[in-house]
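Summary of structural features
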Amino acid sequence: EVQLVESGGGLVQAGGSLRLSCAASGFAFDDYIIGWFRQAPGKEREGVSCISSSDNTRFYVNSVLGRFTISSDNAKKTVYLQMNSLKPEDTAVYYCGARQAAGVGCDAAMFQHWGQGTQVTVSS
């Protein structure tokens, strides 16, 4: 029913850019908060950025603030994560998640639906 499909990952050099896409289907897009999360080997899943498509409220984890930008194209039901000035420590599998728009926050435990992930590797 609910489907989230990530794309746009790849291998880039430090300082480079990538744009991730999360295509959503099977639910009322405007009723959900969509987020980007990442998980590096040996680390827990971390909320990177979340957006409420209904009111455009955004959240960024401090480590990406000023470098990453989340945006939503409601007509396409797609959320993007523009990642600039990438660092090797950004290397991870990036997941798109969705949760019902109740409350605030970008904690992975709050999200009910997940995509399969896309690998982002930043070389030094």
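Residues numbered from 1 in each chain as written. Predicted model: local features only at pLDDT ≥ 70, side-chain atom pairs only at ≥ 80, totals over all residues. Heavy atoms only, no water.

**Some remarks on the packing of aromatic side chains**
Overall, the coordinates contain 5 aromatic pairs when judged by the stated rule. Three or more aromatic residues link up through ring pairs in this structure, and these residues are Phe27, Phe29 and Tyr32. Above the ring of Phe27, the side-chain terminus of Lys77 is found at 5.6 Å from the ring centroid. (Phe/Tyr/Trp six-rings, centres within 6.5 Å; stacked < 30°, edge-to-face > 60°. Lys NZ or Arg CZ within 6 Å of the ring centre and 35° of its normal.)

**Quick notes on the pattern of salt bridges**
One pass over the full model with this rule turns up 3 salt bridges. A salt bridge links Arg38 to Glu46; the shortest N-O distance between them is 2.9 Å. What you see here is one network of salt bridges that share partners, running through Arg38, Glu46, Arg67 and Asp90. (Salt bridge = Lys/Arg side-chain N within 4 Å of Asp/Glu carboxyl O.)

**Focus: the sheet that holds strand β1 (residues 3-7)**
The strand order across the open sheet built from 4 strands is β1-β3-β8-β7, with neighbouring strands paired in antiparallel fashion. If you trace the sheet from one side to the other, it starts and ends with β1 and β7 (68-73), each paired once. Averaged over all pairs of adjacent strands, the angle between their axes in this sheet comes to 15°, without regard to strand direction. Of the strand pairs in this sheet, strand β3 (residues 18-25) and strand β8 (residues 78-83) are connected by 6 bridges, and their pairing is antiparallel. Each residue of the ladder has a partner; that of Cys22, found in β8, is Val79. (Pairing = 2+ DSSP bridges. Helix = DSSP H or I, 4+ residues; strand = E, 2+ residues; numbered from the N terminus. Axes fitted to C-alpha atoms, helices over the stretch in contact; angles between N-to-C directions.)

**Focus on the state of the cysteines**
Chemically, a disulfide is nothing more than a covalent bond linking the sulfur atoms of two cysteines. Going through the model one piece at a time under the given rule, you end up with 2 disulfides. Through a disulfide, Cys22 is tied to Cys96; the S-S separation comes to 1.9 Å. Judged by the torsion about the S-S bond (-70°), the Cys22/Cys96 disulfide is left-handed. Pair noted here: Cys22 is in strand β3 and Cys96 is in strand β9 (residues 92-100), with a separation of 74 residues, a long-range link. Classification of Cys96 as buried rests on a relative accessible area of 0%. Covalent S-S linkage joins Cys50 and Cys106, the inter-sulfur distance amounting to 1.9 Å. Residues Cys50 and Cys106 are joined through a disulfide that is right-handed, its torsion about the S-S bond being 70°. Of the two residues, Cys50 is situated in strand β5 (residues 46-52) and Cys106 in the loop between β9 and β10 (113-114); the sequence distance between them amounts to 56 residues. Cys106 carries the same exposure label as Cys50, and that label is buried. When the bonded cysteines of the chain are counted from the start of the sequence, the pairing works out to 1-3, 2-4. (Disulfide = S-S within 2.5 Å. Buried < 20%, exposed > 50% of the residue type's maximum accessible area, 1.4 Å probe, protein only.)

Fair warning: the whole summary comes from geometry, so function is off the table for now.
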